[in-house]
Amino acid sequence: EPMEWEMGLMFREKLGENEGMLFIFKTNEVRNFWMKNTLIPLDIIYLDDSYSIVTIISALPCTSDPCIVYNSLYPARYVLEVPYGFTSKHSIRIGDRITIDYNKP
């Protein structure tokens, strides 16, 4: 749903170890995300249109305005938000490619 997509993980108080949110955009361009109203720390993974990781940012909740805006270093078509520390725990690095299975529930 568009409203749920726009809200992202705002106001969530917890996120399971293997949970996250995938944002799918129609175009491949520099993306800007922030942590306003996000209560949990996240790793933000920016992926290009070939599912290669172009930027990884570990972001803490924003506690005062203005909030930091986290930009992808290169154009991205997908953005994956996962629990803070997920990328280091699983040795995920810039340049890695991921597979997205749209058929899973």
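Coordinates for the structure precede this section.
Rules used throughout
Residues numbered from 1 in each chain as written. Predicted model: local features only at pLDDT ≥ 70, side-chain atom pairs only at ≥ 80, totals over all residues. Heavy atoms only, no water. Helix = DSSP H or I, 4+ residues; strand = E, 2+ residues; numbered from the N terminus. Buried < 20%, exposed > 50% of the residue type's maximum accessible area, 1.4 Å probe, protein only. Salt bridge = Lys/Arg side-chain N within 4 Å of Asp/Glu carboxyl O. Phe/Tyr/Trp six-rings, centres within 6.5 Å; stacked < 30°, edge-to-face > 60°. Lys NZ or Arg CZ within 6 Å of the ring centre and 35° of its normal. Pairing = 2+ DSSP bridges.

J.: How should the environment of E19 be read in this particular structure?
T.: Within the secondary structure, E19 sits in the loop between α1 (2–7) and β1 (21–29). You can call E19 partly exposed: its relative accessible area is 42%. Considered as a pair, E19 and P83 are 64 residues apart in the sequence and their alpha carbons are 7.4 Å apart.

J.: What exactly am I supposed to notice about the pattern of salt bridges here?
T.: Considering all chains together, one arrives at 3 salt bridges under this definition. In this structure, the salt-bridge partner of E29 is R31, at a minimum N-O distance of 4.0 Å. Judged by relative accessible area, which is 9%, R31 ranks as buried. Here D65 ties to K36 by a salt bridge, and the two come within 3.3 Å at their closest N and O atoms. Highlighted residues: D65 in the loop between β4 (53–59) and β5 (69–71) and K36 in the loop between β2 (32–34) and β3 (42–47), separated in sequence by 29 residues. You can call K36 partly exposed: its relative accessible area is 25%.

J.: Looking at this structure, how should I read the packing of aromatic side chains?
T.: The geometry of an aromatic ring pair is captured by two quantities: the separation of the ring centres and the angle between the planes. Throughout the structure, instances matching the rule amount to 4 aromatic pairs. Measuring from centroid to centroid gives 6.4 Å for F25 and F33, while their planes differ by 85°, and the two rings are edge-to-face. By relative accessible area, which is 15% here, F25 ends up buried. When its relative accessible area of 12% is taken as the criterion, F33 is described as buried. Here the aromatic rings of Y51 and Y78 are separated by 4.8 Å at their centres, their planes lie at 20°, and the arrangement is stacked. A residue pair is termed long-range when its members are at least 10 positions apart, and Y51 in the loop between β3 and β4 and Y78 in strand β6 (residues 76–83) qualify at 27 residues. Through a chain of ring-to-ring contacts, the aromatic side chains of F23, F25, F33 and Y46 assemble into a single cluster. The ring of F25 carries the charged tip of R31 above its face, separated from the ring centre by 3.9 Å.

J.: Help me out: how do you make sense of the pairing of β4 in this one?
T.: In regular strands, side chains alternate between the two faces of the sheet. Taking burial as the measure, the 7 residues of β4 include 5 buried ones, the bulk of the element. As defined by bridge partners, β3 adjoins β4 across 6 bridges and the pair is classed as antiparallel. Bridge pairing links I44 to I57 in β4.

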